[in-house]
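Listed here are the chains, written in short residue letters.
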Amino acid sequence: MKLSERAYDAFIKLVHAKELRPGQFVSQRELVTLTGIPLGPMREALHKLEAEGLVELIPQRGIMIAEASPKRIRDAFALRILIEKEAARRFAEGATDSLVTSLEAKHRGVVQRARNGIDDALLEHAQAVDWGMHDALVATLDNDLVWGIHRTNSDRIRLIRLDSGRLTQANLMSAMEEHLTVIAACRRRDQEAAAAAIEAHLTTAMRRAMGL
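Below is a short write-up of the structure. Not measured: the values here are computed from a predicted model.

**Description of the pairing of strand β2 (residues 55–58)**
Looking along a regular strand, one sees side chains alternate from face to face of the sheet.
Here comes step 1: Sheet analysis places β2 next to strand β3 (residues 62–65), joined by four bridges and oriented antiparallel. Residue Ile58 lies in a different strand from β3, and its bridge partner there is Gly62.
Here comes step 2: Between β2 and β3, which follow one another and run antiparallel, lie three residues, and Gln60 among them has a positive phi close to 70 degrees.

Here it is in structure tokens:
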């Protein structure tokens, strides 16, 4: 792996770990210190990150981690809907029964735990279950180009969710139930119902992220 690719991956890990937050300013030197990657490769990575809308390079001020503007939220979720509606159809058509059962069991496990109280550990676990289902749907498309777009857009969504729209005690149960509706349609092999359910879920998530 090239050093610039390692720098890119290191930046994304800092976002996932919430060590970099939307609207935060950092310098190239600070990123070098945080990642342990030399300045040259880090600069290359920053140009890619800027092209993908994850950072803004602002003269005289430094590097700003992208904020969740209403347009950025709409654009990111519209892209998810385009990809994941077709992915849900494919998943409903061809996913193995064992995979569908596994996804359902993970979601029902979250719901069962939530009935006994929701803490930060459960929210983190539920978020991983959430992303796991979306990744499983898109993986069904078996398209490396689409997968790359999905992963980049997922990173945009993770930045958005640091500001708003993330799973909370108030919305965890509804999000899990929305996922279970998608999974139930897939179990029935009802492609159009699965596509409609994932669109409804993502539309709700977008509205939540926008504070509506």
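**Some points on the nonpolar core**
Here comes step 1: In this structure, Phe91, Val110, Met133, Leu172 and Ile198 are the most contacted members of the largest nonpolar core, which totals 33 residues.
Here comes step 2: Mapped by element, the contributors of at least two residues to this core are α4 (70–94), α5 (97–114), α6 (120–139), α8 (172–187) and α9 (191–209).
Here comes step 3: With eight residues, the single largest contributor to this core is α6.
Here comes step 4: By size, the runner-up hydrophobic cluster in this structure holds 20 residues, among which are Tyr8, Val55, Ile63 and Ala66.

**A look at the pattern of salt bridges**
Here comes step 1: For the coordinates displayed, the defined rule picks out 10 salt bridges.
Here comes step 2: One salt bridge connects Arg108 with Glu104, and the closest N-O pair in it is separated by 3.1 Å. Of the two residues, Arg108 and Glu104 are both situated in helix α5; the distance of four residues between them amounts to about one turn of the helix.
Here comes step 3: In this structure Arg108 comes out as partly exposed when scored by relative accessible area, which is 46%.
Here comes step 4: Where Glu104 meets Arg187, a salt bridge forms, and the shortest distance between an N and an O atom there is 2.9 Å. In this pair, Glu104 sits in helix α5 while Arg187 sits in helix α8, placing the two residues 83 residues apart along the sequence.
Here comes step 5: A relative accessible area of 39% places Arg187 in the partly exposed class.

**Overview of the packing of α8 against α9**
A packed helix pair is summarised by two numbers, namely the angle formed by the two axes and the spacing between the axes.
Here comes step 1: Contact pair α8 / α9: the axes reach a minimum separation of 8 Å and the direction vectors enclose 165 degrees. Considered as vectors, α8 and α9 are oriented roughly antiparallel to each other. When the axes of α8 and α9 are compared, the crossing they make is left-handed. The residues of α9 that touch α8, namely those facing Ala175, Glu178, His179, Thr181, Val182, Ala185 and Cys186, are Ala193, Ala194, Ala197, Ile198, His201 and Thr204.

**Focus on α4**
Here comes step 1: Look at α4: 36 Å from first C-alpha to last across 25 residues, which is about the 36 Å you get at 1.5 Å a residue.
Here comes step 2: Of the residues making up α4, those classed as buried are Ile73, Ala76, Phe77, Arg80, Ile81, Ile83, Glu84, Ala87, Ala88, Arg89, Phe91 and Ala92.

**So, the sheet that holds strand β1 (residues 25–26)**
Here comes step 1: Taken in spatial order, the three strands make up an open sheet running β1-β3-β2, and their pairing is antiparallel. Here the strands that pair on one side only, and so sit at the sheet edges, are β1 and β2.
Here comes step 2: On the sheet, helix α3 (residues 39–51) packs against β2 and β3 and is oriented at approximately 115 degrees with respect to β2.

**Some points on the pairing of β3**
Here comes step 1: Pairing of β1 with β3 involves two bridges; the strand directions are antiparallel. Bridge pairing in β3 places Phe25 opposite Met64.

Definitions and limits used
- Residues numbered from 1 in each chain as written.
- Predicted model: local features only at pLDDT ≥ 70, side-chain atom pairs only at ≥ 80, totals over all residues.
- Heavy atoms only, no water.
- Pairing = 2+ DSSP bridges.
- Helix = DSSP H or I, 4+ residues; strand = E, 2+ residues; numbered from the N terminus.
- Core = buried A, V, L, I, M, F, W, Y, C linked by side-chain atoms within 4.5 Å.
- Buried < 20%, exposed > 50% of the residue type's maximum accessible area, 1.4 Å probe, protein only.
- Salt bridge = Lys/Arg side-chain N within 4 Å of Asp/Glu carboxyl O.
- Axes fitted to C-alpha atoms, helices over the stretch in contact; angles between N-to-C directions.
- Parallel < 35°, antiparallel > 145°, perpendicular 65-115°, else oblique.
- Left-handed = near helix turned anticlockwise from the far one by under 90°.
- Contact = heavy atoms within 4.5 Å.
- Expected span 1.5 Å × (residues − 1).

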